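Structural overview for review
This is what each chain is made of:
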Amino acid sequence: MTTKIKPQQNTMFKKEVTEGLTSFPKYLSSKYFYDKKGDKLFQDIMDMPSYYLTGCEFEIILNNTSVIGELIRDRKNGLDLIELGAGDGKKTKVLLKYMDENDFNFVYKPIDISENAVELLSNNLAQEMPTLNVDAEVGEYFEVLERLKGFNKRKKVIMVLGSNIGNLPHPKAIDFLTKLKDTMLPDDLLFMGFDQKKNPQTILEAYNDESGITEAFNKNILTRINREFDGNFEIENFKHWEVYDPETGTAKSFLVATKEMKVTIEKLQLKLNFDQWETIHTEISQKYDDKIVSWLAEEAGLEIETFFADDKGYYKNYVFRKA
Ligand SMILES: C[S@@+](CC[C@H](N)C(=O)[O-])C[C@H]1O[C@@H](n2cnc3c(N)ncnc32)[C@H](O)[C@@H]1O
């Protein structure tokens, strides 16, 4: 097993925080929720029954393990299985176990922006599946896309689970899918999870638990800025707020300042003013239906080969090929 841990993309974090907090309205990217504390909070979120996404995708992979496995198998040359934003790999492990036990001849390459997540997953796989060939990497989706072109000696399967794509607004999602397509050869596959439109109340509750786990997760971005850039955000004076627009299918997370505040971020040389009730937009979690996914695929030059759904039809995993 090899694990290439790259230094966190601190420069990009600095640049994006500066840009987002000096814009009007203010915003920050959800990709910065994830550090040691953020990863743990996200695992707690996945354990909450109201966060149905994990259970639905787990059900899909568990109920279709051999079908998915045989769909991606290449008996002649084996394959490279590349997972973007792998997190703790809980659902992927079901498939990995099947592949490991059934002679797949493959390398599993999890990539995640969180160094902590990559480290934990690598160590965990070394313990649980010691025969697995793992080549983990710390990296950001858009940064690693160019390097994926190098995986062209045998079949490559790219996985993106957890509806991670939902963190990108449609134009960025099309850009992401197009760039993924550009790395793909005709035999390569893209296996991607898309959370579906459903009762708006169910969606709202997934991002709005009363126990405050989602709130702590959302606020972790301010905790990181305080710690890593010497900031003095008074975190208790921000409120987690979630909205879902059933017309666009977009869930949005905000941090709302409950009073007027002055914030200094020493290492970014920033002095910020917050009016009472001013917002920081921190995350989108886009919801989809078949029409939207078909449109995204078409725009990106991909075609849908098949899809898998959970019993309630809450969530779908689509398999794409280069059109
Ligand atoms: C919503 S979690 C899902 C994790 C996993 N795919 C799952 O389904 O359980 C998103 C994961 O993607 C990673 N991530 C978020 N934005 C990223 C980006 N721009 N580049 C690489 N990884 C990213 C996070 O660190 C986190 O582990």
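1. Thoughts on the site of the ligand
- Lining the immediate environment of the ligand, one finds 17 residues, of which Gly85, Lys91, Asp112, Glu140 and Tyr141 sit closest.
- Within the side chain of Glu140, a nitrogen or oxygen atom sits 2.9 Å from a nitrogen atom of the ligand.
- Between the ligand and Tyr141, the relevant distance is 2.9 Å, taken from a nitrogen atom to a main-chain nitrogen or oxygen of the residue.
- With the chains in place, 95% of the 590 Å² that the ligand exposes on its own is no longer accessible.
- Grouping the constituent residues of the shell around the ligand by class yields 7 nonpolar, 6 polar and 4 charged.
- Two domains each put at least three residues into the shell around the ligand: domain 1 (11–48 + 200–286) and domain 2 (52–196 + 288–322).

2. Here's the deal with the pairing of strand S10 (residues 261–265)
- Counting buried residues along S10, 4 of its 5 residues qualify, which places the element largely inside the surrounding structure.
- Alignment of S10 against strand S11 (residues 270–274), held across 5 bridges, turns out to be antiparallel. Among the inter-strand pairings, Met261 is bridged to a residue of S11, identified as Phe274.
- Once S10 ends, the chain turns through 4 residues before running back antiparallel as S11, passing Gln269 with a positive phi of about 50°.

3. Describing the packing of helix H7 (residues 141–148) against helix H8 (residues 170–183)
- It is the contact of H7 with H8, at a shortest axis distance of 8 Å, that shows an interaxial angle of 20°. The angle between H7 and H8 falls in the class roughly parallel. Where H7 crosses over H8, the handedness of that crossing is left-handed. Of the residues in H8, those touching H7 at Tyr141, Phe142, Leu145 and Leu148 are Lys172, Asp175, Phe176, Lys179, Leu180 and Thr183.
- Tallied by class, residues from the contact of H7 with H8 come to 6 nonpolar, 1 polar and 3 charged.

4. Looking at the sheet that holds strand S8 (residues 238–245)
- What the 4 strands build is an open sheet, ordered S2-S12-S9-S8; its pairing is mixed. Looking at which strands have only one partner, the edges of the open sheet turn out to be strand S2 (26–27) and S8.
- In this sheet, strand S12 (residues 279–286) lies alongside S2 in parallel orientation, the contact comprising 2 bridges. In the sheet register, Tyr27 faces S12, and the bridge partner there is His281.
- Packed onto the sheet, helix H10 (residues 213–229) meets S8, strand S9 (250–257) and S12 and runs at close to 115° relative to S8.

5. Topic: the pattern of salt bridges
- Scanning all chains against the criterion turns up 28 salt bridges.
- One salt bridge connects Glu137 with Arg147, and the closest N-O pair in it is separated by 2.3 Å. Note that Glu137 is positioned in strand S5 (residues 133–138) and Arg147 in helix H7, a separation of 10 residues in sequence.
- Notably, a salt bridge pairs Arg321 with Glu305, separated by 2.5 Å at the nearest N-O pair. With Arg321 in strand S14 (residues 315–322) and Glu305 in strand S13 (residues 302–309), the pair connects residues that are 16 residues apart, well separated along the chain.
- In the salt-bridge network here, residues are joined through shared partners; they are Asp35, Arg224, Arg227 and Glu228.

Cut-offs used in this document
Residues numbered from 1 in each chain as written. Predicted model: local features only at pLDDT ≥ 70, side-chain atom pairs only at ≥ 80, totals over all residues. Heavy atoms only, no water. Near = heavy atom within 4 Å. Polar contact = N/O pair within 3.5 Å; in protein donor to acceptor, adjacent residues only side chain to side chain. Areas by Shrake-Rupley, 256 points an atom, 1.4 Å probe, with all protein chains shown as cover. Nonpolar A, V, L, I, M, F, W, Y, C, P; charged D, E, K, R; others polar. Domains from an automatic or database assignment. Buried < 20%, exposed > 50% of the residue type's maximum accessible area, 1.4 Å probe, protein only. Helix = DSSP H or I, 4+ residues; strand = E, 2+ residues; numbered from the N terminus. Pairing = 2+ DSSP bridges. Axes fitted to C-alpha atoms, helices over the stretch in contact; angles between N-to-C directions. Parallel < 35°, antiparallel > 145°, perpendicular 65-115°, else oblique. Left-handed = near helix turned anticlockwise from the far one by under 90°. Contact = heavy atoms within 4.5 Å. Salt bridge = Lys/Arg side-chain N within 4 Å of Asp/Glu carboxyl O.

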